[in-house]
Amino acid sequence: MNNLIRSTARCLRSGAAVYNVPGRADGRVWSAPARFLCAAADIQKDLGEMVKKDKVVVFMKGTPAQPMCGFSNAVVQILRMHGVDDYAAYNVLEDQDLRQGVKDFSNWPTIPQVYFNGEFVGGCDILLQMHQNGDLVDELKKLGISSALLDAEKESK
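Residues numbered from 1 in each chain as written. Predicted model: local features only at pLDDT ≥ 70, side-chain atom pairs only at ≥ 80, totals over all residues. Heavy atoms only, no water.

Under an unreviewed UniProt entry, the protein chain has the name Glutaredoxin-related protein 5, mitochondrial and belongs to Stegastes partitus.

So, about helix 3 (residues 70-81). Here helix 3 spans 16 Å end to end across 12 residues, near enough to the 16 Å set by a 1.5 Å rise per residue. When helix 3 is considered as a whole, its buried residues turn out to be Ser72, Val75, Val76, Ile78 and Leu79. All buried residues of helix 3 lie within an arc of 160 degrees about the axis, which places them on one face of the element. On its buried face, helix 3 sits against strand 3 (56-60), strand 5 (113-116), helix 5 (124-133) and helix 6 (135-142). Where helix 3 ends, the next residue or the one after it, Gly83, has phi of about 80 degrees, a positive value. (Helix = DSSP H or I, 4+ residues; strand = E, 2+ residues; numbered from the N terminus. Expected span 1.5 Å × (residues − 1). Buried < 20%, exposed > 50% of the residue type's maximum accessible area, 1.4 Å probe, protein only. Arc of directions from axis to C-beta. Contact = heavy atoms within 4.5 Å.)

We now examine the sheet that holds strand 6 (residues 119-122). Pairing within the open sheet is mixed, and its four strands lie in the order 4-3-5-6. Each edge of the sheet is formed by a strand with only one pairing partner; in this case those strands are strand 4 (88-91) and strand 6. Looking at each pair of strands side by side, their axes are set apart by 25 degrees on average, direction ignored. Alignment of strand 3 against strand 4, held across four bridges, turns out to be parallel. Within strand 4, the position partnered with Val58 by the bridge is Ala89. Along the sheet, helix 3 contacts strand 3 and strand 5; its crossing angle with strand 3, the most-contacted strand, is approximately 160 degrees. (Pairing = 2+ DSSP bridges. Axes fitted to C-alpha atoms, helices over the stretch in contact; angles between N-to-C directions.)

For any pair of aromatic rings, the description rests on two quantities: the centre-to-centre distance and the angle between the ring planes. Within the structure shown, the criterion is met by five aromatic pairs. Plain terms: the ring middles of Phe105 and Tyr115 are 6.2 Å apart, the flat faces sit at 50 degrees to each other, and that makes the pair tilted. One end of the pair, Phe105, is in helix 4 (residues 96-106); the other, Tyr115, is in strand 5, with 10 residues separating them in the sequence. Classification of Tyr115 as buried rests on a relative accessible area of 1%. The structure contains a cluster of three or more aromatic residues connected by ring pairs, namely Phe59, Tyr90, Phe105, Trp108, Tyr115 and Phe120. (Phe/Tyr/Trp six-rings, centres within 6.5 Å; stacked < 30°, edge-to-face > 60°.)

Moving on, we get to the state of the cysteines. Applying the stated criterion to the full structure yields zero disulfides. We note that Cys69 lacks a disulfide partner, and the nearest cysteine sulfur, in Cys124, lies 8.0 Å from it. Classification of Cys69 by relative accessible area gives buried; the value is 18%. Taking the relative accessible area as the measure of exposure, Cys124 reaches 12% and is therefore buried. (Disulfide = S-S within 2.5 Å.)

Okay, structure coming up:
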């Protein structure tokens, strides 16, 4: 209940929640666009918290166990090759607001989207490039994650 009150107060303070309508006695009504603005602001705040909650966060179509597009599957496979199994994955197909919200949040038009320590890394193409040129091993190391590929390379020597 407190969250609802805080959200409503935030929207009212922003001046986005009401607008004047000619012909009405009080001249004020709730507007649908205002609700969308407030909801969008809340989604952006929630996304900011979501991407910081885990070291690795992926917004994808489907789940790691059952990706629903080739690009999301590629991201899952790349992370799996590096031994990254402990990450937060959010299925954007379950929530259209989340799907659009994450695109707005990152200013990146496509899904999947990968975040390391709250910072936007990129999509499938960026992660694939990082995997191919070795940058992914370095970035994972910064997160305190030892790449399984690096470990396998050491064992083979």
